[in-house]
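Examination of the molecular architecture
Next come the chains, spelled out residue by residue.
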Amino acid sequence: MTNTDHVALTLSSTSVTGLSGGAAGDESNISRRSLRRSWNQLPRCQRNLIIMALTAFIFTALLFLPGDQLINIKDVRLKPGAAPFHIRRENTLQNPHHHPNVEKGNELPGDISAAVASPMTDENRLIKAKPAEEKMDDSKFAENVDKLPETVLVGNENGIIDIVNNVDQPIEEPLDNNINDHSNLRAEVEEAIRNPFKVSHVSIESHLQSMSAQLAKPQHFHGATNERQSAVVAAFKHSWAGYKTYAWGHDNLKPVSQTSHEWFGLGLSIVDSLDTMYIMGLEDEFNEARDWVKDSLHFHTNRDVNLFEVTIRVLGGLLSAYHLSGDRMFLVKATELGNRLLPSFLSPSGIPYSDVNLGERSAHSPKWSPDSSTSEVTTIQLEFRDLSRSTNVSIYERVVNVVNEKVHALDKSHGLVPIFINANTGTFRNYATISLGARGDSYYEYLLKQWLQTGRKDNDNLILDYMQAIDGVFTQLMRRTPREHWVYIGELINGHDFKPKMDHLTCYLPGTLLLGHQNGMPESHLLLAKDLLDTCYQTYVRQPTQLAAEISYFALTDKEENDIYVKSNDAHNLLRPEFIESLYYFYALTGNRTYQDMGWVIFQAFEKHSKVAAGYTSLGNVKNTLNTRMRDLMESFWLSETLKYFYLLFSDNCKEIDLDKWVFNSEGHPLPVYQN
Ligand code: DMJ
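Residues numbered from 1 in each chain as written. Predicted model: local features only at pLDDT ≥ 70, side-chain atom pairs only at ≥ 80, totals over all residues. Heavy atoms only, no water.

**A closer look at the state of the cysteines**
- Tallied over the full model, the rule gives 1 disulfide.
- Between the sulfur atoms of Cys507 and its disulfide mate Cys536 the distance is 2.1 Å. Taking the sign of the S-S torsion, about -95° here, the bridge from Cys507 to Cys536 comes out left-handed. Here Cys536 lies in helix H21 (residues 523–541) and Cys507 lies in the loop between strand E17 (501–503) and helix H20 (509–518), a separation of 29 residues in the sequence. Each member of the pair, Cys507 as well as Cys536, is classed as buried. (Disulfide = S-S within 2.5 Å. Helix = DSSP H or I, 4+ residues; strand = E, 2+ residues; numbered from the N terminus. Buried < 20%, exposed > 50% of the residue type's maximum accessible area, 1.4 Å probe, protein only.)

Printed below as a string of structure tokens:
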């Protein structure tokens, strides 16, 4: 017997005595002392050997744990969206919200999604509560933690897991279990249209009263914390003062002529501004806008409005104001508006008509064409779904799910869609242009954002279509200029002929691509995002005004004079937000302050060329500082998007809005992310 064997045996027998002791305290003390003495008598190398053997044993035991438990542990850490992950095409997680056996505080069955697979111990809550912290260093975390809304997952009495924001704000799921059940949908839609002030046969107010415990609680913001943010707040206040003086209650301000502009007669600038004011901490302005909405925003006017525009600006604005402020009045208004928008969905195909009369409650195709724009019918889903989730009334989500399903089923060209779709036949227009600019843009944006809004499910058509579409962008639309190698996204005229033209609208894409990459999309998306962001920046800084034109062209050959150029007819600037929006995503998701500096250059250009005595104006010509040709319109998206994204871009806290918990609609209105 070797020395080592002998000592090991002695230790083992002592150890067993100690473990099985359970006798009087003295005895166990003696055992412990003798164990320690034996241990101390061992040569150091033997002690090390024993420690290594024990470690190896524990490791082996872990390896033999059931495989699905290990996978679940991994998923629990990744699921809330903090770290990139790979889309799994198999083994789709089941819907945790509808598991019948979930009981408050109880351990959940082991075969369902990791998001609910473990008991709700404090430790689990921590893992799930602060996904974003995994990527922050300690100092940043300390700086940010009191600014983040707390999120925890709790089981409620229905066995539903709620996300609870800001201590106890519940975000509810619709009561109806099957939101994809379309039987009776038409009859239910007709019923809702007949009674726009009611849901489920009771007044909207009573319905919301009955679910008051589940309504949103106010979110908290700090207001401007640095000079750049204060400059943006000053720009907002200047715009607001002009609007109040010359256009109060009308849709838009004409800041040069100091008059108003009417489009839908819905006070667009007020509704679109609510959440911006709330986020900027402009309490007085928010309250006066709130009072106007309560007393003067009416939807019974006999007038055609555009379904998409009213959805992203008014419905989105009201819902966002509701979620941020917790004021249920906004949700009451949003629900009435939702009912009045429903006639659009009574088309033969389920693809909505573009125009709807909120007073008469009827809908039709645009006067100039039988077709709706593809981006318009596919950029209403975040808002209608949120209305359903907020009210527990499923009808709004169900009508837009039909649109999703129909569009998904249509043939596409490399995942790309023609920009027109017929609401009667439910088919794309033959030979329509393919573009990521006007009429196509936000189809792609909402594929990703709807997937984020609904818990990033594996194998979801939304994300599969998104990935296919971005592949199509790479192979069909993306090019580089010949000399300077700027990356741009062109268009396919008639669906076939490449045109090196890019709308400013397309500059939303870098931000969306980065958001996708952050949530598991491939590295190629990140590279395209960066390249395209650089190109979009060039479309600004190459102009003498340092403001981008509505449309830019790109050289196809090195015979052309410039790699990037603007035609006279396209040289206008409408105060659009898309590039600032992308800069915001780049800053919010990387924390890199370079993007703030890029934004500051552009903010100053707006200050210099677009600011007038009564607000900020669109320009007719960005190519000549001495002849900018003011166009005299301040669109509501200047207030809802451009200034909001500037403000968030310049924030000291890149997570002032946590993108794991909120998703911005196409008009810059943040809406909550749900678990499924
Ligand atoms: C906004 O109304 C929205 O961003 C929309 O998606 C596109 N056009 C304007 C801003 O440019």
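**Side note on the side chain of Thr642**
- By the secondary structure assignment, Thr642 is in helix H24 (residues 636–649).
- Here Thr642 falls in the buried class, since its relative accessible area comes to 0%.

**Looking at the sheet that holds strand E19 (residues 564–565)**
- Here we have 3 strands laid out as an open sheet, ordered E17-E18-E19, and antiparallel in their pairing. The open sheet terminates on both sides in strands that have one partner only, identified here as E17 and E19.
- The sheet contacts of H21 involve E17, strand E18 (551–554) and E19, and relative to E17 the element is tilted by about 85°. (Pairing = 2+ DSSP bridges. Contact = heavy atoms within 4.5 Å. Axes fitted to C-alpha atoms, helices over the stretch in contact; angles between N-to-C directions.)

**Brief notes about the side chain of Ser372**
- With respect to the secondary-structure elements, Ser372 resides in strand E11 (residues 371–373).
- There is a polar contact of 3.1 Å between the side chain of Ser372 and the backbone oxygen of Pro352.
- Sequence-distant contacts of Ser372, defined by excluding residues within four places in its chain, comprise Pro352, Tyr353, Ser354, Val377, Ile419, Phe420, Ile421 and Ala423. (Polar contact = N/O pair within 3.5 Å; in protein donor to acceptor, adjacent residues only side chain to side chain.)

**Quick notes on the packing of aromatic side chains**
- This model, assessed by the stated rule, comprises 30 aromatic pairs.
- Taken together, the ring pairs connect Trp600, Phe603, Phe606, Tyr616, Trp638, Phe646 and Phe650 into an aromatic cluster.
- Stacked on the ring of Tyr674, the Lys or Arg Arg389 has its end atom at 5.1 Å from the ring centre. (Phe/Tyr/Trp six-rings, centres within 6.5 Å; stacked < 30°, edge-to-face > 60°. Lys NZ or Arg CZ within 6 Å of the ring centre and 35° of its normal.)

**So, the site of the ligand**
- The environment of the ligand is formed by Ile312, Arg313, Leu505, Arg576, Pro577, Glu578, Phe637, Glu641, Ser666 and Glu667.
- With respect to the ligand, the side chain of Glu641 contributes an N or O atom lying 2.7 Å from an oxygen atom.
- Listing elements by their share of the shell around the ligand, those giving two or more residues are helix H13 (307–325) and H24.
- In the shell around the ligand, the residues fall into 4 nonpolar, 1 polar and 5 charged. (Near = heavy atom within 4 Å. Nonpolar A, V, L, I, M, F, W, Y, C, P; charged D, E, K, R; others polar.)

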